[in-house]
Structure formats: C-alpha cells, structure tokens
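Summary of structural features
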2 protein chains.
Amino acid sequence: MKNSITELFQIEFPIIQGGMIWCSGWELASAVSNAGGLGLIGAGSMYPEVLKTHIQKCKLATDKPFGVNLPLLYPDIDKHLSTIIDEKVPVVFTSAGNPAKFTSYLKKHGIIVVHVTANLKFAQKAVDAGVDAIVAEGFEAGGHNGREETTTMSLIPMLRQKINIPLIAAGGIASGQAMAAALCLGADAVQIGSRFVATFESSAHQKFKDSIVQAGDGSTELTLKELTPVRLLKNEFYNKIQELYKKSASEEKLAALLGRGRAKKGMFEGDLNEGELEIGQVASQINELKSAVQVVNELMIDCKKTLSLQNTLFNY
Amino acid sequence: MKNSITELFQIEFPIIQGGMIWCSGWELASAVSNAGGLGLIGAGSMYPEVLKTHIQKCKLATDKPFGVNLPLLYPDIDKHLSTIIDEKVPVVFTSAGNPAKFTSYLKKHGIIVVHVTANLKFAQKAVDAGVDAIVAEGFEAGGHNGREETTTMSLIPMLRQKINIPLIAAGGIASGQAMAAALCLGADAVQIGSRFVATFESSAHQKFKDSIVQAGDGSTELTLKELTPVRLLKNEFYNKIQELYKKSASEEKLAALLGRGRAKKGMFEGDLNEGELEIGQVASQINELKSAVQVVNELMIDCKKTLSLQNTLFNY
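This report concerns the structure included in the present document. (Residues numbered from 1 in each chain as written. Chains lettered and ligands numbered in written order. Predicted model: local features only at pLDDT ≥ 70, side-chain atom pairs only at ≥ 80, totals over all residues.)

Moving on, we come to the overall build of chain A. A tally of regular secondary structure across chain A gives 14 helices and eleven strands. By its C-alpha atoms, chain A is 55 × 55 × 35 Å across when sized along the principal axes. Counting only residues that meet the buried cut, chain A has 57% of its 316 residues in that class. Contacts in chain A between residues far apart in sequence, at least 24 positions, make up 64% of those at least 6 positions apart. (Helix = DSSP H or I, 4+ residues; strand = E, 2+ residues; numbered from the N terminus. Buried ≥ 20, exposed ≤ 12 C-beta atoms within 10 Å, placed from the backbone. Contact = placed C-beta atoms within 7 Å.)

By a frequent convention, interface size equals the accessible area lost on bringing the separate parts together. The partner chain A presents 46 residues to the 46 residues of chain B that form the contact. Mapped onto the side of chain B that touches chain A, the elements with two or more residues apiece are helix H7 (152-162), helix H8 (176-185) and helix H14 (292-314) of chain B.

Before going further, it helps to examine the sheet that holds strand S11 (residues 230-233) of chain A. Residue and element names in this part refer to chain A. Spatially, S7-S11-S10 is the arrangement adopted by the three strands of the open sheet, whose pairing is antiparallel. Strand pairing shows two members of the sheet lacking a second neighbour, strand S7 (143-144) and strand S10 (220-223), which therefore form its edges. When S10 meets S11, the two strands line up antiparallel, connected through four bridges. Considered in S11, the bridge of Leu222 is made with Arg231. (Pairing = 2+ DSSP bridges.)

With that settled, the discussion passes to the relation of the copies chain B and chain A. At an RMSD of 0.0 Å, chain B and chain A line up after a rotation of 180° and a shift of 0.0 Å along the axis. Overall, the copies show the geometry of a two-fold rotation axis. When each C-alpha of chain B is compared by its distance to the rotation axis, B:Ala181 comes out closest, at 1.9 Å. (Least-squares fit on C-alpha atoms with pLDDT ≥ 70 in both.)

Residue and element names in this part refer to chain B. Its place among the elements puts Gly67 in strand S3 (residues 66-71). Note on Gly67: 27 C-beta atoms within 10 Å, which makes it buried. Distance from Gly67 to Gln161, taken between C-alpha atoms, is 28 Å for residues 94 residues apart in sequence. Not counting the four nearest positions on each side in its chain, Gly67 is found in contact with Leu38, Leu40, Val89, Pro90, Val91, Val92 and Phe93.

So, about the pairing of S11(A). Across a regular strand the side chains alternate sides, sitting on one face of the sheet and then on the other. All names here are of chain A. In the sheet, S7 pairs with S11 via two bridges, with the strands oriented antiparallel. Opposite Gly143, over in S11, you have Arg231 as the bridge partner. Linking two consecutive strands that pair antiparallel, namely S10 and S11, is a turn of six residues; a positive phi of about 55° is found at Leu224 within it.

Turning to the sheet that holds strand S9 (residues 189-192) of chain B, a few remarks are in order. Residues and elements named next belong to chain B. Taken together, the eight strands give an open sheet; going across it, the order is S1-S9-S8-S6-S5-S4-S3-S2, and neighbouring strands pair in parallel fashion. This sheet does not close on itself; its edge strands, each paired only once, are strand S1 (15-17) and strand S2 (39-42). Averaged over all neighbouring strand pairs, the angle between strand axes comes to 25°, with direction disregarded. Pairing of strand S5 (residues 112-117) with strand S6 (residues 133-137), which is carried by four bridges, proceeds in the parallel orientation. (Axes fitted to C-alpha atoms, helices over the stretch in contact; angles between N-to-C directions.)

Time to look at helix H14 (residues 292-314) of chain A. With 23 residues, H14(A) should cover 33 Å at 1.5 Å per step; its first-to-last C-alpha distance of 33 Å lies within 8% of that length. Those residues of H14(A) not exposed but buried are A:Ala292, A:Val295, A:Val296, A:Leu299, A:Met300, A:Cys303, A:Thr306, A:Leu307, A:Gln310, A:Asn311 and A:Phe314. Those residues of H14(A) hidden inside the fold are in contact with strand S1 (15-17), helix H2 (26-34), helix H8 (176-185) and helix H9 (194-197) of chain A together with H8 and H14 of chain B. (Expected span 1.5 Å × (residues − 1).)

With that settled, the discussion passes to helix H10 (residues 206-214) of chain B. Residue and element names in this part refer to chain B. Burial in H10 covers these residues: Phe208, Ser211 and Ile212. Projected down its long axis, H10 shows its buried positions confined to an angular sector of 105°, all on one face. Every exposed residue of H10 that faces more than 90 degrees away from the buried side is listed here: Gln206, Val213 and Gln214. On the buried face of H10, the contacting elements are helix H9 (194-197), strand S11 (230-233) and helix H13 (262-268). (Arc of directions from axis to C-beta.)

Below you can see the structure in the form of structure tokens.
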C-alpha cells in the first residue's frame, strides 16, 4: 500500500506507534519499524543521555526509518534537539506546545516534522508553521489530551474539511476495524498508543500491561482538567483525585496530590495503586499481550478485510 | 443494500433518524422514512394527545415503516404505550431507563423493539430483555448521554466483540464518511441526530438550526454530570452553569438553575441565550441546512464512495 504517509516516511504500512512516556523506548520503536510501521521513541520521560542511548540502540536494531516524539514543554529541550540532529533522526513528532517554535529549525536539518494536536486551532497553526503532517488525537486517547474533548469520530472529518496536508488519526484505534474506520473518516494513517503499550516490547511494567488486559468499559477517565487533562486508568490514585473533587479542592491541592514522578511510578515501576496509569479507552478491547509485529500484521490484515467486506456488503 | 437492519425494519437504507425531543415530529420522521431510512417521532417532549396526532399525521404522510422514540422515564408512559399500540406503530426505540421494563410487553403486540444505550452493561441487559437491536451512543452525541464517556470509536468495537444482535452506531455521524467508519467499526446501521436537526423538516426553531450551522470546534460540551449528563451548545445558560461550578455549587443549585422547560425554550422556541440547546459535536461539520431526503441520499452516496475508494487505495 502506498499513500501520502507511507511516501512521506518511506515506510511500508500507514501505522505509526505513538511515542509515549515510559512505554516506548528503542525496543518497541525498532520492533514497529522493523514490522513496516513507524516506531517512535518517547523522549518526554528520558534524560538527554538516555535519549541518546535509545536512539543509538534503535539505529543498531533497525535500518528502517524511525522517529522521536518530543514534547515541546520538555525542560532540557535544547539538549534533546542537539541529540536528534547529531544522531540524524529522520522524523520528529512534536507535541504539547506551540508548533511554530522548532518546526523550521528541525526542517532546516532535513528532519520530517509532524505535530500532534487535539483541535482545529492548533492544527491550523501547525500547517502555518510548515509541518509535514498532523496527528489529530481524539478525546478517547490515553495520556494528555485537549480541553475541547473532541472525539476521533468528530475531529478527523472536521480537520479533513479544512487541512490539506497528510493527516494521522489517533485515539480509539486498537484494531484493523478501527484503522479502516479512521481511513474512512479521512485520515491517511493511524497513530496507535495503548495497543502498543500492551506488547512484549514496550517498556511498560508488566503489572501495568496486565492491568490493561483486565480493563473494561468505563475503566479510564479524562481527569485533572484544571491542571493538564489526562486520561488514566481508574485506581487508588484516581480515587484520591475524586475525593479532592468532592471537597471542591483548589488547583494547588490537586497539583500537590499529583506531585512528581507518578507516571514513572505507575507505568514504569508498576505501582498500580499510587501510580498514574495513562491509557486510552481502547484498553477495554485489549484482551492479551502481543508482539509488536503481530499487532502491525493483524492491523493490516483486519483493516484490509474490513474495507473489502464493507465495500462488498454495500454493493450487494 | 440489504443487511440485518434493513431486513429488520423493512427499509431501504441502514440509516435511522434519532428520535429527539422538540426536533423530530411527524414531518421529519415521515420525510426520512419516505427517503428510505427509518424516521422516528421523539415522544419525550410530547403530551399523550400530541403524540397521537403526530403518529396519525406520520401515517398519512408515509406508507413506509417509521417508529417512536420512547424515553422510559416519561411520566405518563402508560398513555404513550396505549397510543403506540392502538395506532399500530411498527417500531419503538426505548431509551433512558431499564430495557427489561416494557420490551416483552411491546413485543407481544408485534412491535420491533430497539434499546438505546451508552455502555456495555445496559447493552447486555437489553439483549437479555429480548430487544431486536441496540443503539450504542458515543460520548460525542448530542443530548443526554452516559457517564462512562465512551466514544463511538471505542464503544462500537467493544460491543461488537460481545453482542450478537444488530448494532446501530450513534454519535459523531453526520456524513457518509462517518457512516462508512461506523460500519467498519462493526455497526450494522447508523442513527443520526444532529444532522437531521439541521434539516428543513425538523421542528427545531430556525434560530437553533442557524446556531448549529455557526457552531465550530469546541462549541459543545457534555455537562451537568451531577444531574443527567447532557451535551449542549455553549451559550449564556451554559456560562451560568460554569459560574456555579466555579463556586462549587451543590446538585440542588444546579437543578434549580436548570429548572423546567429549558430544552423547549431553546430548541423549540429559539431562545438561544436562556434555552438548553442539545446538539452533538458534529455540529462543527454542519455548514448548511438541507432537506431530509438530501441528507439521506448524500449519506448513501458518500458512504459508498468512501468504502469503494478506501478499498481500492488499500489494494494499490
């Protein structure tokens, strides 16, 4: 299959693995790239030297294109940028910040730049900044998310009406059926997070992976909207947030409860009670751990099957 | 096109118009049925004698199947039930209540029964109650909605894994592209509300219709979760809700602000400031008013085109 996204990244399949904190190091990124998708190293949870090591290991593990997800609010961002340029990383996905900031700088170094957004306003800003493609992330996605709460089903057609560059759908996609749906909505590719967290190659803690397999309908919620909205698995930490809400606690009290390091504690160290467990609504559809290559292959097979079947049914 | 839903209702296209308060009387329902879909009269905002009139007028306006949407919390429900049975309405969609309550009673009278749900638990209850099909309504849908906040993209594949009866997707669908997406996700048909509110035949006030055309990204929000969660267009009434939230107002104060009759005031009488304007996120994609038959025809044409195009691209 060839389209604007496979051509842009020089990859086989229009499947991008979300660059997630604590879950997507070189093992996952290289596995996805080797499987024909685009793997991303999540730089948001890495010290500069850690990112350097992951990029170097990723290059040893695959000769296919891969990328780095770079949250623009990262405190030591200059060091990350130097590493990315020195190591000749071909693709950067920027998120959580103003896309105007580093796009032209990265592009001058020959890097393909994609910006992640959850609304129309920032999608248009990203286009103006000259990005090569946009990831549009719906309300159902795990982790940090937009305040408009626009879902993938609403967001993709709305952006497709107004944005002419390649568009990647994220949020709510964990199967070939949902991938087919995203393409029908107007996306050129999908970015998938949660399904790749629940792979053997992800660096998520085994306990976190198991809790994803156990999750059901209503197991996640987008909360902490007063700080930065985040979708997480409901656990004891979540219950404490709810208690503060019941007492109408201030932003300061919420920030104090959140504290520092909860995402690492939960997702990387496996503290299911006190950790912050970022995951999407699709956790309810994930019933077993798989390898990254199996995820990619099944996505392609089921997407193709779904489009072919629906096309046939519709012409009955 | 033939599938489980077109066979069940004996209709031409798998398109169902949502039965909405104040917006879907006999004119809209009969127009949709005449166009080949299934029109529904929204009984929730009608006195018993008003419903009777609408059903009788609908039967005069179309000889095709149509239905009634019946919120199970309707206070005078026995009268509505008598009318529906006396007038031999062929299809009833029940919502907002326990599906076990009237399903067998309606089915004994030869009526096809469909239940509207926003989560897995009630979908399974509805199957156990013996309904003929389920509407699964995602978070992006307008009006009253579930507390789990599960989006259409997440809800449909999850239910499709566990529910074996015909499944109708609702929420976020206003185009043939989104209809194609819903079918790929596993739905057998779509139920569409907002797009039909913005038709010439809907009984929504002209000012409300115009405000839908004007709506953009982030124009709606699911709010009043302490009472019954409802997605509405942001306006002065919405701002007053937000002010109460800032003051950490009690449920009682929220209920007092909501008061009675706000939905009628907004949607039917056109008070855009003080009325409650229930509409879905897809309002941002609705750029002009159309006739119901044009909506149905474009849905079918674009759905078919989309499935065919994506199927071709995927086999390139």
